[in-house]
Amino acid sequence: MWPFRPRSTAKSKKPAQPVIPNRLGDTAAPHHESPAERLMEALSSSEKIIEGIIPSDLGILEDLITETKSMENRLDGLLDDMAGPKESMDVFSGNVAGAYQRLKNTMGQSPDIIIRQFTLGSKSPIPAVLSFVDGLASNQMIDQDIIALMQRYEEAESQATSTDELHRLVMERIASVGHVSMETQWTKLSVKLMAGNTVVFIEGNPHVLIMDTVKYPQRSVSRAQTERSVSGPEQSFNEVLLTQMNLIRRQLRSPELHFDSVTMGSMTQTSVVIAHIEGLTNPELVAAVKRRLATAKLDALQYAEELSPYLVENPHSLFPQIRRSERVDVIIRVLLMGKVAIMVDGCPRPLTVPSTFMDFYQTTDDYTATFWTASLARAVRLIAIILGFTLPALYIALTSVNPDLLPTKLVLTIAGSREGIPFPPIFEVLIMWIIIEVLREASLRLPQSMSTTIGTVGAIVVGTAVVKAGIVSDILIVIMTLAAVALFAAPVFEMATPWRVLFWVLIASAYLLGIYGIILTLMMVIAHLVSLENFGVAYLTPFGPLRPRDLQDTWLRLPYSQLLRRPTQLHAILPGKKRNPPTNLMNHPNLAKAKARRWGNGRD
Amino acid sequence: MIRSMGRAPTSRVGKAGKMVAAGLLLLSLSGCWNDRALNERDLVLTMGVSPAKKSGQVELTFQIPTPGGLTSMQAGGGSGGSSSPQFFDVQGIGPNFPLAFTEAQAKVSRDLYLGQIEVLAFSTKLSPAMLHRAVAALDRLGPMDKTPYVITTMGSVTKVIAHQSQQEKLPALYFETLFLCKSCQTNALGVHFWQFAERLHTPGISAVLPQVDLSSSGYTVDKISVYRGYHYVTTFSPSLTQDYGLLADVSHKNGLFLAKPFQSGLRAVDAKTSIRTTLAKGRLKSTLDVKVKATLDSISTYTATPTQVAQVAKAASVVLSRRLDHFLALTQKLDIDPVGIGRRLDSRHPSWFKAAGPWFKAYPRIDFKVHVQVHVRRIGDLT
């Protein structure tokens, strides 16, 4: 029992007394609560609160106290920084102590933010503060830059007559180094600090030095993994935007190559670079890309794919409309065609726009081999699409709905293979396709050494077992294996997905409507492809609309001597390529003389 | 504004309704709802049509591969040595085609599927009316396309289609292989059902069908049955069939032996015939220019000089000319036009053909003139 009776209770029980006016001039002091009474009251209310407290409330209370302290620290830092006369809270006042407190109490609460205090000059040392993000900035560069800064101060001390002049001299000499810039606004310098720069505050100087000491933790430039090449270059991009630009610039040394940078994502502050070749790429296209990117209001931009909905006109289409490539040579080829590449920091596969259906079936090897090899490879890819997409559906249609269309010997062979199979053809196909998808998914998730084993074992063991078990026919194993392999013959992985999804639609159509259904579905798919368009370029160009001149580099790749024009639909400023025909070496005078001596004048 | 807001949902409903209706119409148009897997059908490969013992009734014989036969086909085909039967026959008898089919269907548990018929075998004993009904019924048969080959036999149709050759397990496959390769045969005698039906209904030509006889190794196909309309008229001997082959441009691997000169033998005799019919003094005159190419196969002198080759060619021309004269005279006697001289006349001079009256009465009165020119190649000659 609480030993004291609460005052409020006593007050409430006090009987009402009549009010007698003081007419005698007695000026006795009015009644005031004593400290003991106030304490009693506080204790009484606390008792009530504490009685209702549970353990989780204590945790919340601790958090609240921590947050309050943190808030207090931040406010202290801000107040310290605002101590001097200044226009805005966002502008550095020149007060290093205030800046230190502000840094310490805001960003400095994170363990990777390093803040150091030091002095500049030897005769009259000036306080200074530097800050950087541990791991993102190069320690060696910081050391070098700070030593240089100290030297400049010591050199300037003897020449300057006032502090202001000292600052002016130092800034002129430091800023001329090249990788040092100046900033006055906190919002800007904090972003630069987070990017890996080192910021240096100097007492009395409102300009904060931003030293470029960025050292990205980056993956080395390695081989392309998803777009392998047999005879072409192997270099692929890594995640660092600067490296991506360097890799392109190294091979495309034209001064007309422009990288326009924008920052996207209010939280991530992700750098996005729009690359194009000035004087070649249609400026309308570049402007349109910038315009569309400007419409994207994001709080975070982590993957380049997040920009796709803002760039394409039909974002819900099954077919990929933006070609992404990790290969440096592909991006350069695309730029040279007159297209635009969009690089996002942290994503090793830049986007290229506008992309057409044919872009997804062109590989590096098509351009590093002879046109015979390239044309053959592309023809094989075309056959692969047709086979992989239609073969299982044709099997269902021809064995269930339209068997009269098959040659007799083939009918007998299929009928023989299906003897004893308890399921209709559609179930056979579904069972096999599910098995293939499961195996594929499993092999993707497993380590590479195991995935090969799973793939092989799955293909052989499961394939043989399901036939032996009489669940599916052996002819279907051949068909499904061919279809599964063929659908992944697309050089770009994304292009396999639409065919894999539409495969189910085609299967259902074949089951319900036979050959008629297959044709109907194919017509719908083609109609959809024809309807797609991005940046004024039809997705199915040069087939629909037909542009015969652009057919030179589609399913057939003509020799280089014939590839003299850029795709018409891009409306490039330079529609033609500069390439003179190879000279006939035998026309050389000396060779001609030698030939005449050998064969006589009468022979060619 | 209010009107447009009110109309929007209606138009959306209307659009969705139209799309659903279009989808339903598409599905209903397909006509594929009775689809059934291949192994749940009885695949009829050969169908025989013959008169039943009971007068006026037709007997249909359906030949169907057995499950064992199908499985052995899957192993690679050919003439395997499986002891189990490769096929079985189902018969149906009825006064007409549908009833006979119904009776046959009642004898099997699976759907009798006629979409894969490869061979239709007709008995030469079918009456014209019965053949007419059979052709009309087959013409209307939904699943069957018009491409099966048609053969005839003078004997039992059931025996012919149940006979097994040494080359193929199934008779249908034997005839398919035989007729598909035109240059492999002595005379390319394969006739599709649509060709047969077309000849039956075209004036100025007689329908011709290959006639099949049984042999120890399988089948012999070197004769033809000739029809005048739906009437079976005669069967040409192998020799006359060769003559028919020369005039109808279907001769490929025929041979010819000439005792004189030099006891020479010719092989690979093939011919191109051009027919020119003229009308003079109310009579039709037909000139047949037959250009024959043959390879000198044997000669008693062992080596053949150009002069000797020319002598052989001349003698062959005389012999073939005589034979073709005899062939044409025989067809005139029988009132049949297997070469189709009347049809050619109808296409070039319809008025003459019309004026000639019924062709099978006009045909015997045509004056034929046959010119045969034989070109003999020696082995190794390119031309």
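Predicted model only: the values in this text are computed from it and were never measured.

What follows covers the overall build of chain A. Assigned secondary structure in chain A consists of 19 helices and 12 strands. Relative to the globule expectation of 25 Å for 604 residues, the C-alpha radius of gyration of chain A, 38 Å, shows a markedly less compact shape. Its C-alpha atoms give chain A principal-axis dimensions of about 140 × 80 × 45 Å. Counting across all 604 residues of chain A, residues that qualify as buried make up 42%. In chain A, once contacts between residues fewer than 6 apart in sequence are set aside, the share between residues at least 24 apart is 64%. Roughly 32,700 Å² of accessible area belongs to chain A as shown, and the carbon and sulfur atoms make up 61% of that amount. Charge-centre separation for chain A: the mean point of 58 positive side chains lies 10 Å from the mean point of 57 negative side chains.

Most peptide bonds take the trans configuration, and most residues that are not glycine carry a negative phi. Val353(A) connects to Pro354(A) through a cis peptide bond whose omega is -10°. On the secondary structure map, Pro354(A) appears in the loop between strand E10 (351-353) and helix H12 (365-368). Residue Pro542(A) is reached from Thr541(A) by a cis peptide bond, and omega for that bond is 10°. One non-glycine residue, Gln269(A), lies in the positive phi region at around 50°. Within the secondary structure, Gln269(A) is located in the loop between strand E6 (257-264) and strand E7 (270-277). Residue classification places Gln269(A) among the partly exposed residues on the basis of a relative accessible area of 34%. The phi angle at Ala268(B) is positive, at roughly 50°, despite the residue not being glycine. Inspection of the secondary structure assignment puts Ala268(B) in strand E12 (residues 264-280). Its relative accessible area of 22% is what places Ala268(B) among the partly exposed residues.

Attention now moves to a nonpolar patch on the surface. All names here are of chain A. Nonpolar side chains collect at one region of the surface, where Ile-49, Ile-50, Ile-53, Leu-58, Leu-61, Leu-64 and Ile-65 lie side by side and expose about 650 Å² of accessible area between them. When contributions to the nonpolar patch are tallied by element, the ones reaching two or more residues are helix H2 (35-51) and helix H3 (55-81). For Ile-49, a relative accessible area of 58% corresponds to the exposed category.

In this section: the nonpolar core. If you look at the biggest cluster of nonpolar residues, it comprises 69 residues, and the most contacted ones within it are Phe319(A), Phe357(A), Tyr361(A), Met495(A) and Trp499(A). It is helix H18 (residues 496-531) of chain A that contributes the most residues to this core, 9 residues altogether. Within the second largest apolar cluster, 49 residues are counted, among which are Val226(B), Phe236(B), Tyr244(B) and Leu320(B).

Now for the state of the cysteines. Residue and element names in this part refer to chain B. Counted under the stated rule, the structure contains 1 disulfide over all chains. At a sulfur-sulfur separation of 1.6 Å, the disulfide partner of Cys-181 is Cys-184. Across the S-S bond of Cys-181 and Cys-184 the torsion is about 70°, and the bridge reads as right-handed.

Across the contact, 26 residues belong to chain A and 31 residues belong to chain B. Between chain A and chain B, a total of about 2,400 Å² is buried, with carbon and sulfur atoms accounting for 61% of that surface. When the area that chain A buries against chain B is broken down by residue, the three leading residues are Thr408(A), Leu412(A) and Glu419(A), summing to 26%. Our enumeration of links across chain A and chain B arrives at 1 salt bridge. For Glu168(B), the salt bridge is made with Lys409(A), and the minimal N-O distance between the two is 3.9 Å. Taken together, chain A and chain B are joined by 7 residue pairs in polar contact (both at pLDDT 80 or more). Those elements giving two or more residues to the side of chain A that touches chain B turn out to be helix H13 (371-401), helix H14 (408-417) and H18 of chain A.

Residue and element names in this part refer to chain B. The mixed open sheet is built from 4 strands, whose spatial order is E11-E12-E13-E14. Each having just a single partner strand, strand E11 (254-258) and strand E14 (367-377) make up the two edges of the open sheet. Averaged over all pairs of adjacent strands, the angle between strand axes in this sheet comes to 35°, irrespective of strand direction. In this fold helix H10 (residues 341-348) packs onto E12, strand E13 (283-298) and E14, with an angle of close to 45° to the strand it touches most, E12.

Attention shifts here to the domain arrangement of chain A. Residue and element names in this part refer to chain A. When the domains of chain A are assigned, the result is domain 1 (75-211), domain 2 (241-355) and domain 3 (375-538). Centre-to-centre separation of domain 2 and domain 3, based on C-alpha positions: 35 Å. The interface of domain 2 with domain 3 comprises 18 residues on the first partner and 16 residues on the second. Summed over both partners, the interface of domain 2 with domain 3 comes to about 1,500 Å²; 69% of that surface belongs to carbon and sulfur atoms. For the domain 2 face of the interface with domain 3, the top three residues by lost area are Leu-318, Phe-319 and Pro-320, together amounting to 41%. Summed over the shared surface of domain 2 and domain 3, the result is 1 salt bridge. Of the charged contacts, one joins Arg-349 and Glu-494 as a salt bridge, the two residues approaching to 3.4 Å between their closest N and O atoms. Linking domain 2 to domain 3 there are 5 residue pairs in polar contact (both at pLDDT 80 or more). Mapped onto the side of domain 2 that touches domain 3, the elements with two or more residues apiece are helix H9 (283-294) and strand E8 (323-324).

What follows covers the domain arrangement of chain B. All names here are of chain B. Assigned domains within chain B: domain 1 (38-73 + 84-236) and domain 2 (238-377). Averaged C-alpha coordinates put domain 1 and domain 2 at centres separated by 31 Å. Counting from both sides, the interface comprises 24 residues of domain 1 and, opposite them, 27 residues of domain 2. Interface area, domain 1 with domain 2, both sides summed: about 2,000 Å², of which 62% is carbon and sulfur. Of all residues in domain 1, the largest losses of buried area upon contact with domain 2 belong to Asn-187, Gly-204 and Phe-236, amounting jointly to 29% of the total for that side. Our enumeration of links across domain 1 and domain 2 arrives at 1 salt bridge.

So, on to the sheet that holds E8(A). Taken together, 5 strands build an open sheet; the order of strands is E6-E7-E9-E10-E8 (chain A) and the sheet is antiparallel. Each of the sheet's edge strands pairs with one partner strand only, and the pair in question is E6 and E8 of chain A.

Okay, the pairing of E6(A) next. Residues and elements named next belong to chain A. Here E6 runs beside E7; their pairing, made up of 8 bridges, is antiparallel. Opposite Asp-260, over in E7, you have Ile-274 as the bridge partner. Taking the residues between adjacent antiparallel strands as the criterion, E6 and E7 are bridged by 5 residues, where Gly-265 takes a positive phi near 90°.

This part covers helix H9 (residues 306-334) of chain B. The end-to-end C-alpha distance of H9(B), which contains 29 residues, comes to 42 Å, matching closely the 42 Å that a straight helix rising 1.5 Å per residue would cover. Remark: Asp335(B) follows H9(B) within two positions and exhibits a positive phi of approximately 60°.

So, on to H10(B). All names here are of chain B. When H10 is considered as a whole, its buried residues turn out to be Ile-341, Gly-342 and Leu-345. For H10, the buried positions fall inside an angular range of 95° around the axis, keeping them on one side. Summarising the contacts, the buried residues of H10 are in contact with E12, E13, helix H11 (350-355), helix H12 (359-362) and E14.

Conventions and cut-offs
- Residues numbered from 1 in each chain as written.
- Chains lettered and ligands numbered in written order.
- Predicted model: local features only at pLDDT ≥ 70, side-chain atom pairs only at ≥ 80, totals over all residues.
- Heavy atoms only, no water.
- Helix = DSSP H or I, 4+ residues; strand = E, 2+ residues; numbered from the N terminus.
- Rg over C-alpha atoms; globule rule 2.2 N^0.38 Å.
- Buried < 20%, exposed > 50% of the residue type's maximum accessible area, 1.4 Å probe, protein only.
- Contact = heavy atoms within 4.5 Å.
- Areas by Shrake-Rupley, 256 points an atom, 1.4 Å probe, with all protein chains shown as cover.
- Lys, Arg positive; Asp, Glu negative; His and termini not counted.
- Charge placed at Lys NZ, Arg CZ, Asp CG, Glu CD.
- Patch = residues over 30% accessible without salt bridge, like charges linked within 9 Å, V, L, I, M, F, W, Y side chains within 5 Å.
- Salt bridge = Lys/Arg side-chain N within 4 Å of Asp/Glu carboxyl O.
- Core = buried A, V, L, I, M, F, W, Y, C linked by side-chain atoms within 4.5 Å.
- Disulfide = S-S within 2.5 Å.
- Buried area = accessible area lost by both parts, 1.4 Å probe.
- Polar contact = N/O pair within 3.5 Å; in protein donor to acceptor, adjacent residues only side chain to side chain.
- Pairing = 2+ DSSP bridges.
- Axes fitted to C-alpha atoms, helices over the stretch in contact; angles between N-to-C directions.
- Domains from an automatic or database assignment.
- Expected span 1.5 Å × (residues − 1).
- Arc of directions from axis to C-beta.

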